[in-house]
Amino acid sequence: MTLGRIVLKSLRQHALSTAVTAVSIALAAGLMMAVWSVKAQSRRTFEQVTGGFDAVLGARSSKLQLVLNAVFHLEASPANISPKDLEAIRKHPAVALAVPIAMGDNFRGYRVVGTTPDMFAVEYAPGQRLAPRKPGRLFDPALREAVVGSFAARKLGLKPGARFHPYHGLNFVEKEARAHEDEYVVVGVLEPSNTPADRVLWIPLEGLQTMAGHEAEKANEVSAVLVKLHSPVLGQALDQQYNKKDDRLTFAWPIGTTMAELFNKIGWFDHVLAMVAALVAVVAAGSVLASIYNSMNERRRQIAILRALGAHRQTVAATVVLEAVAIALIGVALGFVVYLAILTAAAGVIRAQTGVVLEALSWHPVLVWAPLGLVALSAVAGLVPAIKAYRTEVAEHLAPTT
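Below: a short report on this structure.

Turning our eyes to something else, we now look at empty space enclosed by the protein. The full count for this structure, using the stated rule, is three cavities of 30 Å³ or more. For the largest cavity, the calculated volume is near 180 Å³. Contributing to the lining of the largest cavity are 17 residues, with G51, V71, M119, L130 and A197 lying nearest its centre. Here the residues of the lining of the largest cavity sort into 13 nonpolar, four polar and no charged.

This is the structure in structure tokens:
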């Protein structure tokens, strides 16, 4: 019999323990690949999401809060910006475009953001702009019209022609929700951009500022200003002007670097997840060892027969190691299924909360080294029962059993 046939026969004879052990390997492989892939993709994607802008100008607060609020629509505005400050940033020689945004309302949990048509003229990625699906169109700044992000439109069931009343506040609690009197009509649904803009209901800036129920003295103020520079390096001067010399406003520049701060702050959590994944991998390898080692007593007679038929000690030991490797290979193959399931679920949650999309099939080196590492670890675990098989005495275990 060849080594392969011997290993295959052993796997069949111990099908239950093989299946259980392979599943533990699959869970370990899937978890390890998912943890590293989600971590790397999330950091890379969040640092690249800028909406096509270089910086955010807002009331005095942390840069991270400004970016999360104005770009990712996750935080609340610390305060508003006066028309004077908006006009000043617009006229600054380093600024190519300054787009004001105003927020403070929602529709069933999705933010209603007031802005100007300039928002849709900026390329959020090379050659790509926020554009409505045909036959939809952008809103008229002078009318109560809205353009809805693709994700929000699907979740809310909004289509061109639909009407809605925004609710007060950024958070939606159905029993406490208070709707504005103003009614808006949807005139377009944006093409998917896989950015936070997909989760927003966009309306004219003036419409949100003057909406019934808002404070009249704040009618001309904005929540933040998205800034596009003539050159990204020009942000250094504005950073000095607003963050070092001014104590009223904050200039968050560059956006990608600001988002990197978030991941640096939660880096400890990544390490915890990596440690858990590594521990699961060690436990899975231990299960390979336990599975094969515990079955050695019933295998001794079979091993003795193989030895009597001419098999060398090294050959017998090799079959045990190969069996451990075979179980690991089955496990890591199933591990890719587990990985896709975990990443798909994580990507769904991240998209629902932020609008950012992770790719389940995105390449990462962990997709190679994690499976290979588990196979190698399982092979090492198989050495213990292999040594026991190597030491099996032929004469002692060939005696007839009663």
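Looking now at the side chain of D85. Relative to the elements of secondary structure, D85 occurs in helix α4 (residues 83-91). Excluding its chain neighbours within four sequence positions, the residues that come into contact with D85 are R248 and L249.

A few words now on a nonpolar patch on the surface. Taken together, I266, W268, F269, V272, L273 and V276 make up a surface patch of nonpolar side chains, about 530 Å² in accessible area. Tracing the backbone shows V276 in helix α9 (residues 267-294). Residue V276 is classed as partly exposed on the basis of its relative accessible area, which comes to 42%.

Its place among the elements puts A28 in helix α2 (residues 15-48). You can call A28 buried: its relative accessible area is 0%. Along the sequence, A28 and R351 sit 323 residues apart, while their C-alpha atoms lie 25 Å from each other. Each residue touching A28, except ones within four places of it in the same chain, is listed here: V280, A281, A284 and L374.

Here we take up the pairing of strand β3 (residues 110-115). A large share of β3 lies buried, amounting to six of its six residues. Bridging between strand β2 (residues 95-107) and β3 involves five bridges; their strand directions are antiparallel. Of the residues in β3, the one forming a bridge with D105 is V112. Linking two consecutive strands that pair antiparallel, namely β2 and β3, is a turn of two residues; a positive phi of about 55° is found at R108 within it. For β3 and strand β10 (residues 201-204), the ladder comprises four bridges, and the chain directions are parallel. Across the sheet, residue V112 finds its bridge partner in β10, namely L201.

Take unusual backbone geometry next. What you tend to see is this: most non-glycine residues have negative phi, and most peptide bonds are trans. Here the amide bond leading from K134 into P135 is cis, since omega sits at 10°, within 30 degrees of zero. Among the structural elements, P135 can be located in the loop between β5 (128-129) and β6 (145-148). The omega torsion of the bond from W253 to P254 falls at -15°, within 30 degrees of zero and hence cis. A positive phi angle, close to 55°, is found at R108, a residue other than glycine. On the secondary structure map, R108 appears in the loop between β2 and β3. Of the residues examined, R108 reaches a relative accessible area of 45% and is grouped as partly exposed. Unlike most non-glycine residues, N194 shows phi in positive territory, near 60°. Mapped onto the secondary structure, N194 falls in the loop between β9 (184-189) and β10.

Analysis parameters
- Residues numbered from 1 in each chain as written.
- Predicted model: local features only at pLDDT ≥ 70, side-chain atom pairs only at ≥ 80, totals over all residues.
- Heavy atoms only, no water.
- 1 Å grid on protein atoms, 1.4 Å probe; cavity = no way out; pocket = protein on both sides within 12 Å on 5 of 7 lines; lining within 4 Å.
- Points joined across faces, edges and corners; volume = space filled by probe spheres on them.
- Nonpolar A, V, L, I, M, F, W, Y, C, P; charged D, E, K, R; others polar.
- Helix = DSSP H or I, 4+ residues; strand = E, 2+ residues; numbered from the N terminus.
- Contact = heavy atoms within 4.5 Å.
- Patch = residues over 30% accessible without salt bridge, like charges linked within 9 Å, V, L, I, M, F, W, Y side chains within 5 Å.
- Areas by Shrake-Rupley, 256 points an atom, 1.4 Å probe, with all protein chains shown as cover.
- Salt bridge = Lys/Arg side-chain N within 4 Å of Asp/Glu carboxyl O.
- Buried < 20%, exposed > 50% of the residue type's maximum accessible area, 1.4 Å probe, protein only.
- Pairing = 2+ DSSP bridges.

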